Amino acid sequence: MSSAVPYRVNDRPPASPVTTFLWQPRGAGRVQATGECPECRCVTTRIWEDVQYVTKGPSGPYTFDDGEPKYARCACPTWHVGRPAGVEKGCGASFYLTPPQGLSL
């Protein structure tokens, strides 16, 4: 499957978070958000765990009841024209999501 939207790095600000994602707990210490990427309109999923690992070591724990938007990147399986080698998923967009009230890991 191919999208008419080419790969393009596009960072949306935290001031305009996406509110249409479906949030679901996925076992102890995991939360999954699924919805439409605001850039390419493909379905994408982001999973948060108790501790996320980044290049400099573990990061977290995440809290979801603080009302702060959470960072996400498009990870759709759609092939976007111009996607660089080594980037296996997504259209290049990053955006923020607003979790529902009372959600916790």
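Everything below is about the structure shown above.
Our subject in this report is the structure included herewith.

Another point: the sheet that holds strand β5 (residues 43-49). Spatial strand order, β3-β4-β5: three strands in an open sheet with antiparallel pairing. Looking along the sheet, the strands with just one partner apiece sit at the ends: β3 (22-25) and β5. Averaged over all neighbouring strand pairs, the angle between strand axes comes to 20 degrees, with direction disregarded. Where strand β4 (residues 30-36) lies against β5, seven bridges are found, and the strand directions are antiparallel. Following the sheet pairing, Val31 is matched in β5 by Trp48.

So, about unusual backbone geometry. For Arg41, which is not a glycine, the phi torsion comes out positive at approximately 70 degrees. Structurally, Arg41 is set in the loop between β4 and β5. Of the residues examined, Arg41 reaches a relative accessible area of 51% and is grouped as exposed.

Here the focus is the nonpolar core. Ranked by internal contacts, the top residues of the largest apolar core, which has 17 residues, are Phe21, Trp23, Cys37, Cys40, Cys74, Phe95 and Leu97. Elements represented by at least two residues in this core include exactly β4 and β10 (93-97).

Enumeration according to the criterion identifies three aromatic pairs in this entry. Note on Phe21 and Phe95: the rings are 6.0 Å apart at their centroids and 50 degrees apart in plane angle, and the pair reads as tilted. Here Phe95 lies in strand β10 and Phe21 lies in the loop between β2 (10-11) and β3, a separation of 74 residues in the sequence. Looking at Phe21, the relative accessible area reads 7%, which means it is buried. Ring centres of Trp23 and Trp48 lie 5.1 Å apart, and the angle between their planes is 15 degrees; this geometry places the pair in the stacked category. In this pair, Trp23 is assigned in strand β3 and Trp48 in strand β5, connecting sequence segments 25 residues apart. For Trp48, a relative accessible area of 1% puts it in the buried group.

On to the pattern of salt bridges, then. For the structure on display, the rule yields three salt bridges. Close ionic contact of Glu39 with Arg8 constitutes a salt bridge, the shortest N to O distance being 2.8 Å. Within this pair, whereas Glu39 is found in the loop between β4 and β5, its partner Arg8 is found in the loop between β1 (2-3) and β2, the two being separated by 31 residues in sequence. Across the pair Arg41 and Glu36 runs a salt bridge whose closest N-O atoms are separated by 3.5 Å. With a relative accessible area of 40%, Glu36 lands in the partly exposed category.

What counts and what doesn't
- Residues numbered from 1 in each chain as written.
- Predicted model: local features only at pLDDT ≥ 70, side-chain atom pairs only at ≥ 80, totals over all residues.
- Heavy atoms only, no water.
- Pairing = 2+ DSSP bridges.
- Helix = DSSP H or I, 4+ residues; strand = E, 2+ residues; numbered from the N terminus.
- Axes fitted to C-alpha atoms, helices over the stretch in contact; angles between N-to-C directions.
- Buried < 20%, exposed > 50% of the residue type's maximum accessible area, 1.4 Å probe, protein only.
- Core = buried A, V, L, I, M, F, W, Y, C linked by side-chain atoms within 4.5 Å.
- Phe/Tyr/Trp six-rings, centres within 6.5 Å; stacked < 30°, edge-to-face > 60°.
- Salt bridge = Lys/Arg side-chain N within 4 Å of Asp/Glu carboxyl O.

Everything listed here is a matter of coordinates, which is why it stays silent on function.
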